[in-house]
Amino acid sequence: LNIGFQQAIRNQCDYVVFHDIDMLPIDVDYSYSDVPIHLATGFTNSDREIFDTYFGGVTLFPVDLFVILGSVISKLLLVYNLHLKRSTFRLKT
């Protein structure tokens with residue numbers, strides 16, 4: 001995931017599609033979108049059911065938005081990990 005995304009940035013791609021190997025959409029439009037799009041609406045080779053609330057499997061993201069999301073997620077994880085370490089320290093003392 002990270003290596004592919006880094007390659008997309010190097011190649012100055014406008015968007016990326018993260019694709020699970022076990023989800024093969026039957027009829028999908030891989031054209032650019034300025035918002036994230038869930039593309040795994042009809043697929044073969046899987047026993048999984050897809051519901052309206054599912055967002056994954058085959059997902060298109062604009063590169064600039066994915067960079068912003070990655071930054072926000074990294075900051076949230078950092079805060080969460082710091083909180084978890086502080087909580088664990090308090091439990092041990």
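Computed from a prediction, not measured in an experiment: that's the story for all the values here. (Residues numbered from 1 in each chain as written. Predicted model: local features only at pLDDT ≥ 70, side-chain atom pairs only at ≥ 80, totals over all residues. Heavy atoms only, no water.)

Novice: Before we move on, can you summarise the pairing of strand β5 (residues 58-62) with the specific residues and values?
Specialist: Counted residue by residue, β5 has five buried out of five residues, so it is predominantly covered. Residue alternation in β5 divides its side chains into two sets, V58, L60 and P62 and T59 and F61, and both sets are buried. Summarising the sheet, strand β3 (residues 37-38) and β5 pair through two bridges and their orientation is antiparallel. Along β5, the bridge assignment pairs H38 with T59. (Buried < 20%, exposed > 50% of the residue type's maximum accessible area, 1.4 Å probe, protein only. Helix = DSSP H or I, 4+ residues; strand = E, 2+ residues; numbered from the N terminus. Pairing = 2+ DSSP bridges.)

Novice: Lay out the packing of aromatic side chains in plain terms, naming residues and giving numbers.
Specialist: On inspection of all chains with the given rule, the structure shows five aromatic pairs. For the pair F18 and F66, a centre-to-centre distance of 4.8 Å together with 40° between the ring planes defines the contact as tilted. Separated by 48 residues along the polypeptide, F18 in strand β1 (residues 15-19) and F66 in helix α2 (residues 63-92) bring together distant segments of the chain. On the accessibility criterion, F66 (21% relative accessible area) is partly exposed. In this structure an aromatic cluster arises from ring pairing among F5, F18, F61 and F66. (Phe/Tyr/Trp six-rings, centres within 6.5 Å; stacked < 30°, edge-to-face > 60°.)

Novice: Outline the environment of I26, listing residues and values.
Specialist: Along the chain, the position of I26 falls in the loop between β2 (24-25) and β3. Relative accessible area serves as the criterion here: at 63%, I26 is assigned to the exposed category.

Novice: So what's going on with the side chain of S33? Residues and values would help.
Specialist: Inspection of the secondary structure assignment puts S33 in the loop between β2 and β3. For S33, a relative accessible area of 10% translates into the label buried. Looking at S33, its side chain comes within polar contact range of the main-chain oxygen of V35, at 2.9 Å. For S33, the contacting residues outside a window of four places in its chain are L60 and P62. (Polar contact = N/O pair within 3.5 Å; in protein donor to acceptor, adjacent residues only side chain to side chain. Contact = heavy atoms within 4.5 Å.)

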